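What the coordinates show
The lines below spell out each chain.
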Amino acid sequence: MQKTVFFAFRDNPLCFIHVLLNALDMAKRGLEGKIVLEGEAVTLVPVMADPAHFLHALYSKAKEQGLIVGACKACSAKLKVTEAITSENIPLIGEMAGHPAMADFIEQGYTILTF
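Let us look at the structure shown here. Please read all numbers here as calculations on a predicted model, not as lab measurements.

Here we look at unusual backbone geometry
The phi angle of most residues is negative, glycine excepted, and most peptide bonds adopt the trans form. Phi angles above zero are rare outside glycine, and asparagine 89 is one such case at about 60°. Positionally, asparagine 89 belongs in the loop between helix 5 (82-87) and strand 4 (92-93). Even without glycine at this site, alanine 97 takes up a positive phi of about 55°. Structurally, the position occupied by alanine 97 is in the loop between strand 4 and helix 6 (102-107).

Written out as structure tokens, the structure is:
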């Protein structure tokens, strides 16, 4: 099975919608598409958690399907969204000086796409 992980760095909802849509589409097709929130993208979590936000339904679906691997521990702390992320039950990850290591995913056979 082809495995892809989307590393999302930008805090732009119009960019992140493509991460969600593609991860969900891959899952529907039987492919593995995972999401890692990095950089400013971690600030999208409390925004998308709001049921009134236009990404809420896609975000919730991706969470329910286990597509969100985690959010950067260092960036979440720096941008003061750690509590919001943990309250959404998204793991804080960061085995490389507090940041998720892309090498870990490469070693597991993932292709990495950055947004």
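Side note on the sheet that holds strand 1 (residues 3-8)
Across the sheet, which stays open at both edges, the 5 strands sit in the order 4-3-2-1-5 with parallel pairing between neighbours. Strands at the two margins of the open sheet, each flanked by one partner only, are strand 4 and strand 5 (110-114). Pairing between strand 3 (residues 68-72) and strand 4: 2 bridges, direction parallel. Residue pairing for strand 4: cysteine 72 is matched across the bridge by isoleucine 93.

Thoughts on the pairing of strand 2 (residues 32-37)
Along strand 2, 6 of the 6 residues are buried, which leaves the element largely enclosed by surrounding structure. Of the two faces of strand 2, the one lined by Glu32, Lys34 and Val36 and the one lined by Gly33, Ile35 and Leu37 are each fully buried. The pairing of strand 1 with strand 2 spans 6 bridges and is classified as parallel. For phenylalanine 6, the partnering residue across the bridge sits in strand 2 and is isoleucine 35. The parallel pair strand 1 and strand 2, bridged by helix 1 (residues 13-28), forms a crossover whose chirality is right-handed.

Rules used in this analysis
- Residues numbered from 1 in each chain as written.
- Predicted model: local features only at pLDDT ≥ 70, side-chain atom pairs only at ≥ 80, totals over all residues.
- Heavy atoms only, no water.
- Helix = DSSP H or I, 4+ residues; strand = E, 2+ residues; numbered from the N terminus.
- Pairing = 2+ DSSP bridges.
- Buried < 20%, exposed > 50% of the residue type's maximum accessible area, 1.4 Å probe, protein only.
- Right-handed = clockwise from strand over helix to strand, strands pointing away.

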